[in-house]
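Per-entry structural report
As a plain string of letters, each chain reads:
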Amino acid sequence: MTDLPTDLTRATAADLADALASKTISSVEVTQAHLDRIAAVDGQVHSYLHVDTEGALAQAQAVDERRHSGESLGALAGVPIAVKDVMTTRGVPTTCGSRILEGWIPPYDATVVTKLREAGLPILGKTNMDEFAMGSSTEHSAYGPSHNPWDLDRIPGGSGGGSSSVLASFQAPLATGTDTGGSIRQPAAVTATVGTKPTYGGVSRYGLVALASSLDQAGPCGRTVLDTALLHAVMGGHDPMDSTSIDAPVPPVVEAARAADVRGMRIGVVKELGGEGYQPGVRARFDESVALLEELGAEVVEVSCPNFEYALAAYYLILPSEASSNLAKFDAMRYGLRVLPEGVDAPSAEQVMAATRDAGFGAEVKRRIILGTYALSSGYYDAYYGSAQKVRALIAQDFDAAYSTVDVLVSPTAPTTAFKLGDKLEDPMAMYLNDIATIPANLAGVPGMSIPSGLADEDGLPAGIQILAPAMKDERLYSVGAALEKALVDRWGGPILDRAPSLGGAAAAKGA
Ligand code: GLN
């Protein structure tokens, strides 16, 4: 068994799980170590919107007792986790990064959360996010942005920047995310962590606050490919409460991560993702990763997906359309905030609704509601939403054609390294372009993963490589991801995250 570091927050989830199983450590110890780390650093990083100290310790205590009574427990039992604030948690505030849900305490758990509880993972708290998961930086959170542990003046990606920064600053060994257009993969890329968007329907959406129902997918976030696979296995699987949930076993992701074998695989480099607009260093680390995969025994070919060019445009019609409809339920009657219009005696329900939505939603959310309502309005529906759905079908055809000749596809995850807070906030188009490489997978429902590819610019910031696989072949992401991760750890002399000069790095931790 691997020796655990003295600071338990530096251990992988897999090593913590082994030590817990052999009763070398208790879940209460591991959970307390993380709560201490949160108290020490979250004032600077702002990864959490809510820390559930009592709840986490009670769950840790309960799992320790179950273990001592001889109960056979799941692989991750006792390992604490951070949960993105888009997932409902019974008795624990869930805001989705929005003022409109301030003060809402859900009466039920999302299926993913139920699975975490049943598997014995204490929930440390809820992570920050762009409001209703709209954004690539967490700057659209109504509660202020999270910061990138590599450089606190920079964004940790979005919408799941709370979950990525929690991992990169060692405030949790595991986290959950949701990915509608890239919100798991892009934050992973800019923080040198790992994240997977499973096949659409592979993880239940029940109890996730919906953004765009045909694109939303919950998934696992970790610091290593194996940790991410272990969490994927816990989160995934059929759920009768979600009509789009796939009734099939979770793909063998853990086995694939452990085998870490790419020999004989055919890997396609997507010609359309990685050219103009991609930072040269991001591209260079990507090319090196591809060369490593070839050395490991994979065959690499270039593949063209001509319709990916239209993915962003189609996404920004489909997403706002579905979001405008999903967000209609925030009507001041059922959840959270209620604002009475000023100077109106006995206001009507509609007036209360308007005042509440005006005060409760931020600018990006309003922008998308207006866009979506317009695109769906009578007379425009076919021209906008209808055309976008046709483009979506063409993108799925591009994937099908590619997968008839290769096993997986690869590209850079995001075009640039982490930008400075404030840099893109006033320019929606610049913000949207962060997801140019991740959106095609959501439109087609296929799985994708990001792992760190190395340091990519003169500021020493990390980049990510994206791996994509056919639907329900999620295990291929883990075969390729784990093999490449091993080769990259050799090449860089350790995990890339250890090179962070700030809060995340090995050097910083030693000095702390
Ligand atoms: N950044 C993208 C957007 O703003 C993706 C969001 C997501 O995946 N939730 O829509």
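Residues numbered from 1 in each chain as written. Predicted model: local features only at pLDDT ≥ 70, side-chain atom pairs only at ≥ 80, totals over all residues. Heavy atoms only, no water.

So, about the site of the ligand. The environment of the ligand is formed by 16 residues, the closest being Thr180, Gly181, Ser183, Tyr315 and Asp435. A distance of 2.8 Å separates an oxygen atom of the ligand from a polar backbone atom of Gly135. In this structure, Thr180 approaches the ligand through a main-chain N or O atom, which is 2.7 Å from an oxygen atom. The fraction of the free accessible surface of the ligand (290 Å²) that becomes covered by protein chains is 100%. Of all the elements, helix H10 (residues 311-326) adds the most residues to the shell around the ligand, at 3 residues. Among the residues forming the shell around the ligand, the class breakdown is 6 nonpolar, 7 polar and 3 charged. (Near = heavy atom within 4 Å. Polar contact = N/O pair within 3.5 Å; in protein donor to acceptor, adjacent residues only side chain to side chain. Areas by Shrake-Rupley, 256 points an atom, 1.4 Å probe, with all protein chains shown as cover. Helix = DSSP H or I, 4+ residues; strand = E, 2+ residues; numbered from the N terminus. Nonpolar A, V, L, I, M, F, W, Y, C, P; charged D, E, K, R; others polar.)

On to the UniProt feature "active site" (unreviewed entry) in the protein. Taken from the UniProt record, the annotation "active site" (unreviewed entry) applies to Lys84, Ser159 and Ser183. Across 100 residues of sequence, these annotated residues stay compact in space, with a maximum C-alpha separation of 10.9 Å. Along the chain, the position of Ser159 falls in the loop between strand E3 (123-127) and helix H5 (161-168). Leaving out residues up to four positions away in the same chain, Ser159 has contacts with Lys84, Asn128, Met129, Asp130, Ala133, Met134, Gly135, Ser136, Thr138 and Ser183. Polar contacts involving the side chain of Ser159 include one to the side chain of Lys84, which spans 2.8 Å. Examined against the element boundaries, Ser183 turns out to sit in the loop between strand E4 (174-178) and helix H6 (185-191). (UniProt positions renumbered as here; feature names shortened; annotations may be inferred. Contact = heavy atoms within 4.5 Å.)

For the rest of this paragraph, the subject is the UniProt feature "domain: Amidase" (unreviewed entry) in the protein. UniProt marks residues 29-477 with the feature "domain: Amidase" (unreviewed entry), using the numbering shown here. Counted over residues 29-477, helix gives 37% and strand 13%. Its end C-alpha atoms are 33 Å apart.

Residues Ile81 and Val83 point to one face of strand E2 (residues 81-84) and Ala82 and Lys84 to the other, with burial holding for every one of them. Relative to E3, E2 runs parallel, the two being bridged by 4 bridges. Bridge pairing in E3 links Val83 to Lys126. In this fold, E2 hands off to helix H4 (residues 111-118), which returns the chain to E3; that crossover is right-handed. (Buried < 20%, exposed > 50% of the residue type's maximum accessible area, 1.4 Å probe, protein only. Pairing = 2+ DSSP bridges. Right-handed = clockwise from strand over helix to strand, strands pointing away.)

This paragraph deals with the layout of surface pockets. Taken as a whole, the largest pocket holds about 750 Å³ of empty space. Lining of the largest pocket is provided by 32 residues; of these, Thr12, Arg223, Thr224, Val489 and Pro495 occupy positions nearest its centre. Elements supplying a minimum of two residues to the lining of the largest pocket: helix H8 (253-259), strand E10 (448-455), helix H16 (475-492) and helix H17 (506-511). Across the lining of the largest pocket, the residue classes tally to 18 nonpolar, 4 polar and 10 charged. Size it by volume and the second largest pocket reaches roughly 310 Å³. Looking at the second largest pocket, it is lined by 16 residues, and the ones nearest its centre are Glu272, Glu276, Tyr278, Leu433 and Ile436. Along the lines of polarity and charge, the residues of the lining of the second largest pocket split into 8 nonpolar, 4 polar and 4 charged. (1 Å grid on protein atoms, 1.4 Å probe; cavity = no way out; pocket = protein on both sides within 12 Å on 5 of 7 lines; lining within 4 Å. Points joined across faces, edges and corners; volume = space filled by probe spheres on them.)

The next thing to look at is helix H1 (residues 13-21). Among the 9 residues in H1, 7 count as buried, and that is most of the element. Along H1, the residues that are buried comprise Ala13, Ala14, Asp15, Leu16, Ala17, Ala19 and Leu20. Turning to H1, the residues buried within the fold contact helix H2 (27-45), helix H3 (53-68), E4 and helix H7 (225-235). Phi turns positive one or two residues past the end of H1, at Lys23, with a value near 60 degrees.

Where H2 meets H3, the closest approach of the two axes is 8 Å, and the angle between their N-to-C directions is 160 degrees. The orientation of H2 with respect to H3, classified from their angle, is roughly antiparallel. Judged by the twist between their axes, the crossing of H2 over H3 is right-handed. Note on element contacts: H3 touches H2 through Thr53, Ala56, Leu57, Ala60, Gln61, Val63 and Asp64, opposite Ser27, Val28, Thr31, Gln32 and Leu35. When the residues that make up the contact of H2 with H3 are grouped by side-chain class, the tally is 6 nonpolar, 5 polar and 1 charged. (Axes fitted to C-alpha atoms, helices over the stretch in contact; angles between N-to-C directions. Parallel < 35°, antiparallel > 145°, perpendicular 65-115°, else oblique. Left-handed = near helix turned anticlockwise from the far one by under 90°.)

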